[in-house]
Amino acid sequence: MAKFISRKTQQCGIALGGIGTGSVELFPDGEFHQWQIANPARWTTRLWEGKGDDGEGNTGALSFWVRVQKDGAAPIVRKLGQKTSSEDFTYRMFAWNKPVEEIEFDGRFPVCDLAYNDPSLAADVKMRATSPFVPHDYKASSTPGFYLDFTVENPTDEELTVSLLSTLEPNFCNRGGCVNELYRDGDTTGIFLNTPQVNDSDSRFTEIDRGSVCLSAQGGEISYITAEHFRFLREYVTGTVLGVSQESVIFGFRERGVLPDSEVNVRPSRLPSHSQISDLRDEALDRYIEEFSVYPFAQSHLTRLRHTSPDFPSTRQEKEDFLRVMKTVTDKMGNDFGSCALCSKVTLAPGEKKAVRFIFSWYFPNHISRYNVRLGHYYENNFSDAREANRYLSSTPEIAEKAASFAGLLYNTDMPDFYPEAWSAHLSTIVKDSWYLKDGKFGLWEGLGYCGFHTVDITYHASFGLLALFPELQKAQMEMGVPFQREDGRVHHFFTPDLEHVDNGYNRIDMNNQFVLMVCRDYLYTGDRGYLERMWEPVNKAMDSIGRLDTDGDGLPDYDTSHNTYDAWKFSGTPTYICVLWLSALRAAVKIADILGKSDRKAYWNGILERGLVSLEERLWNGEYYDLWRRDDENGSTVDGCLMTDQIDGEWFLRLSGMGANLPDDRVRAVISRAFSSNFDPEQGLLNATCPEGKPMSVMTYKNCQADAVWTGIGYLFSALAMSVGLSDISDTVVKSIHDTQMRLGHFWDHWECGFRYTRPLSSWTTMLAASGMTVDVSAKKLSFRPYRETLTVPFAFDGVLGTVSFDNGMCSVKTAGGSLDGWEVTVNGNSVGVSIS
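The rules we used
Residues numbered from 1 in each chain as written. Predicted model: local features only at pLDDT ≥ 70, side-chain atom pairs only at ≥ 80, totals over all residues. Heavy atoms only, no water. Salt bridge = Lys/Arg side-chain N within 4 Å of Asp/Glu carboxyl O. Helix = DSSP H or I, 4+ residues; strand = E, 2+ residues; numbered from the N terminus. Buried < 20%, exposed > 50% of the residue type's maximum accessible area, 1.4 Å probe, protein only. Pairing = 2+ DSSP bridges. Axes fitted to C-alpha atoms, helices over the stretch in contact; angles between N-to-C directions. Contact = heavy atoms within 4.5 Å. Polar contact = N/O pair within 3.5 Å; in protein donor to acceptor, adjacent residues only side chain to side chain. Expected span 1.5 Å × (residues − 1). Phe/Tyr/Trp six-rings, centres within 6.5 Å; stacked < 30°, edge-to-face > 60°. Lys NZ or Arg CZ within 6 Å of the ring centre and 35° of its normal.

Peer 1: Explain the pattern of salt bridges here, please?
Peer 2: Opposite charge on two side chains permits pairing when their charged atoms draw close. Applying the stated criterion to the full structure yields 49 salt bridges. The partner of Asp-185 in a salt bridge is Arg-391, and the shortest N-O contact between them spans 2.5 Å. You can see Asp-185 sitting in strand β12 (residues 179-185) and its partner Arg-391 sitting in helix α9 (residues 386-395), a full 206 residues away along the chain. Overall, Asp-185 belongs to the partly exposed group, its relative accessible area being 31%. In this structure, Lys-475 and Glu-472 form a salt bridge, with 3.1 Å as the shortest nitrogen-oxygen distance.

Okay, structure coming up:
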């Protein structure tokens with residue numbers, strides 16, 4: 001009996017590529033999925049109808065095989081990926097071309113390590129894929145490409161020959177065909193695939209797939225096919241008067257372990273019809289034979305035919321028959337010429353290990369807006385085509401080293417694994433969801449292809465990691481929004497369909513508060529006084545706009561407060577969520593005013609803050625938690641007693657940004673504990689809200705679709721706030737629940753809210769901040785820590801600085817991995833004694 005144990009497989013992977021370049025996802029199945037490098041619809045516009053998994057070509061556009069042979073033994077070939085579609089190759093009829101038995105996938109963005117395990121392979125084969133994601137290095141991190149580093153090792157006591165084959169089938173630039181060019185730079189061999197150049201006046205100006213790609217290899221004996229028909233790099237069957245044969249580059253790879261070193265780079269001539277071939281003169285026949293004989297697909301046919309007739313084709317009939325075979329084949333293959341392949345062959349002595357590096361890069365400048373404006377990509381400022389990008393990655397190996405070092409830094413902690421996995425996994429979303437335009441404008445999709453870019457209420461939750469690693473991008477998107485602030489002070493909601501236009505979502509009352517909080521935090525993390533000064537008037541207008549919503553002078557908004565980030569869940573009267581955000585924004589505004597010497601505004605906002613904190617307790621605290629909202633009107637008081645998980649969201653931002661706190665720790669602990677006990681369900685996770693028995697509920701709240709939902713981004717920030725007040729057991733439970741659920745669903749890197757690859761879960765970064773208790777004031781050169789436990793190692797990052805901090809028995813060791821803390825005051829729990837910096 002055939003018995004199996006089935007488990008949900010991962011339906012997503014790590015995004016490979018640079019910030020704003022588009023990307024390719026490497027899944028745990030070893031295949032390259034979700035191609036979005038040539039400006040596909042999902043990535044460029046929110047109006048998307050989709051093309052299944054990939055959008056650009058099929059999974060398998062970039063594929064790898066390994067061939068291992070002992071001296072005198074038959075070679076073993078394995079596909080280094082699990083896709084075995086019969087459309088690609090009839091694997092079941094030629095079973096030697098098996099997928100590798102098992103792939104161990106360890107994804108730690110920006111790298112992922114794959115170990116290919118198969119008892120039939122005598123060699124150990126591993127691969128590391130690396131995105132050029134280097135914190136604080138904007139050129140490297142916006143490079144359109146990635147590294148694929150293979151290591152092959154011989155654990156046996158016999159010599160082994162190992163070949164690695166890479167095939168590239170550029171469906172994403174095949175309209176009109178590619179023009180391919182073989183090149184060599186020292187020990188690097190590359191193939192540059194370029195689409196025909198067009199003038200801006202040409203009707204094809206807006207064809208988004210005009211551009212180039214480049215594949216290079218370094219290490220071992222490199223062989224190549226510069227250009228070929230797509231089907232030959234997979235498989236096809238031809239049946240003619242000369243027999244029926246299965247043709248594929250894989251057959252020759254199995255036999256010889258090398259490629260035929262073909263430099264031909266244009267498609268063969270169009271042959272006359274079958275009947276017209278008989279009318280060709282002998283000279284014409286010979287010219288066609290000579291022309292076709294240099295193509296690998298034709299050489300494959302000739303090799304078979306010459307096995308039985310060594311002089312084939314020697315007679316006129318044989319020549320005609322051969323050209324008819326070529327006619328049949330080329331007619332079937334059509335206009336798909338331009339695929340290519342690279343192969344590296346190495347010989348390994350017993351115990352020897354060798355490395356082979358492949359680099360894949362791209363360049364598709366025709367990123368066009370819905371208004372037919374060329375937006376381009378930031379990478380155009382650094383490169384003129386995919387070959388330049390490839391050469392940059394090849395000549396700057398420290399990019400891969402720094403990216404790998406950063407991946408290691410994120411995991412350099414003694415916290416449970418689900419924390420660094422949360423920090424790492426969501427950084428992949430920055431590559432997946434980002435636009436970084438030629439003019440320097442930057443924005444993240446709210447969800448890939450959904451809603452818009454730089455959605456203020458989502459950026460508020462999602463931008464801590466971005467600010468720490470690429471602060472100029474965070475500040476740029478904040479300033480990008482300023483011109484769209486209305487005269488009444490309301491800030492924009494999101495940009496759509498490009499970074500020059502916004503929607504009409506000004507009615508969301510949480511966003512002005514969030515805008516002010518981000519401005520203050522961004523300044524503390526960067527010390528950029530010019531930024532703070534430029535944002536002063538927008539901050540003023542934003543604060544005054546919300547201040548006008550306090551109609552009774554108690555310091556809390558009570559008018560027009562229904563719309564917010566929970567956009568299907570309408571609030572009323574004086575909502576706790578909005579009020580705590582407002583009080584937090586007041587504290588941030590006071591700090592900004594103090595820094596800029598605006599004493600009148602500082603005093604004015606301080607007065608409102610004091611009144612508002614009193615009113616919050618008197619009007620909304622019910623003895624266990626804060627009610628969802630309270631409305632007082634001519635009909636009396638109405639209360640919605642819903643228990644909202646995110647009710648003190650503004651307090652989370654204050655504390656994790658280093659701006660202090662409005663609420664005492666005991667009150668925060670009480671809210672967190674009560675929300676967790678009621679809202680956490682081990683089967684579901686942390687719900688956004690519940691309705692405790694006996695509490696009054698409004699019709700807009702009870703069984704509301706968002707109140708009853710789990711939003712992982714909210715779960716992360718709730719956990720960070722819990723940890724910051726000593727409730728680490730709650731934090732552990734919630735973060736582990738998120739981790740386990742996403743794994744079970746097969747979407748570890750792909751969280752869903754309003755669209756997939758949602759950005760709010762980037763709030764996971766704040767659990768790192770909560771663990772170390774890090775706060776920073778770059779302008780004052782002050783860095784402080786308040787660790788959540790006595791013994792701890794955890795990474796930290798801010799503008800220009802990366803490192804780890806370790807706490808043990810009252811001592812603190814700060815080790816920088818990038819940047820310098822020379823001249824800085826570093827304290828732990830307010831004390832600099834026992835702190836060492838290296």
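Peer 1: Sorry, what's going on with the sheet that holds strand β30 (residues 775-777) here?
Peer 2: Two pairing modes exist for strands in a sheet, parallel and antiparallel, and in both the strands are linked by backbone hydrogen bonds. Across the sheet, three strands lie side by side as β30-β31-β35; this open sheet has mixed pairing. Of all the strands in the sheet, just β30 and β35 (825-828) have a single pairing partner and so form its edges. Ignoring which end each strand starts from, the neighbouring axes of this sheet average 10 degrees apart. Note: strand β31 (residues 782-785) against β35, four bridges, orientation parallel. Paired with Leu-783 across the bridge in β35 is Val-826.

Peer 1: Looking at this structure, I do not really get the environment of Ser-572. What am I missing?
Peer 2: With respect to the helices and strands, Ser-572 occurs in the loop between α16 (529-547) and β23 (574-575). For Ser-572, a relative accessible area of 16% translates into the label buried. For the pair Ser-572 and Thr-459, spaced 113 residues apart in sequence, the C-alpha separation works out to 24 Å. Discounting chain neighbours no more than four positions away, the residues touching Ser-572 are Thr-561, Trp-629, Arg-630 and Arg-631. Within polar-contact distance, the side chain of Ser-572 engages the side chain of Arg-631 at 2.8 Å.

Peer 1: Honestly, helix α11 (residues 418-433) in this entry has me stumped. Any pointers?
Peer 2: Side chains three or four residues apart in an α-helix point the same way, a direct result of the helix having 3.6 residues per turn. In a regular helix each residue adds 1.5 Å, so 16 residues correspond to 22 Å; α11 covers 23 Å between its end C-alpha atoms and thus fits that length. Summarising burial for α11: 15 of the 16 residues are buried, a large majority.

Peer 1: Any chance you could explain the packing of aromatic side chains here in plain terms?
Peer 2: The description of an aromatic ring pair rests on the distance of the ring centres and on the angle between the ring planes. Within the structure shown, the criterion is met by 52 aromatic pairs. Here Phe-146 and Phe-360 contribute two aromatic rings whose centre-to-centre distance is 5.7 Å and whose plane-to-plane angle is 55 degrees, an arrangement assigned as tilted. A residue pair is termed long-range when its members are at least 10 positions apart, and Phe-146 in strand β10 (residues 145-153) and Phe-360 in strand β19 (residues 353-363) qualify at 214 residues. No difference in accessibility class separates Phe-146 from Phe-360, as the two residues are buried. Their ring planes at 50 degrees and their centres at 6.3 Å tell us that Phe-292 and Tyr-295 sit as a pair that is tilted. You can call Tyr-295 buried: its relative accessible area is 2%. Through a chain of ring-to-ring contacts, the aromatic side chains of Phe-32, Trp-35, Phe-64, Phe-146, Phe-150, Phe-358, Phe-360 and Trp-362 assemble into a single cluster. Just above the ring of Trp-65 sits the side chain of Lys-79; from NZ or CZ to the centre is 5.8 Å.

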